[in-house]
Amino acid sequence: MSTDRSGAVPEIEALTEQFQKLNKRKIESERDLVNAEQNLNELKQQARDEYGTDQLDALKEKLEQMKSENTRKRAEYHQSLVQIEAELQKIETEHHATDAN
């Protein structure tokens, strides 16, 4: 039990008010915990549905695989664009050469 600086014990009304505040915080914390657990369970189910697991290490590994695959596909796409651009340049050069004759 806390006391003020003079060492006097607080009045019952002050103690009751303090108890009510603490009890309210406890109830809110318990509600927040239930909501957080429900949210976690929903996210775990979503991870299982989408990725086949809810284990953090497996999800991290899958993310790295996805990043690697994305990098590979971007590189292939870039190479295709470079090739298309080169072919277009070749056609334009041939067309200009034909026009010049």
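Residues numbered from 1 in each chain as written. Predicted model: local features only at pLDDT ≥ 70, side-chain atom pairs only at ≥ 80, totals over all residues. Heavy atoms only, no water.

Thoughts on the environment of G7
Here G7 lies in the segment before α1 (12-51). Judged by its relative accessible area of 45%, G7 falls in the partly exposed class. A sequence separation of 63 residues divides G7 from N70, and the C-alpha atoms of the two residues are 69 Å apart. (Helix = DSSP H or I, 4+ residues; strand = E, 2+ residues; numbered from the N terminus. Buried < 20%, exposed > 50% of the residue type's maximum accessible area, 1.4 Å probe, protein only.)

Digging into α1
Helix length check: α1 (40 residues) gives 57 Å between terminal C-alpha atoms against 58 Å at 1.5 Å per residue, within 8%. One or two residues past the end of α1 sits G52, with phi positive at roughly 80°. (Expected span 1.5 Å × (residues − 1).)

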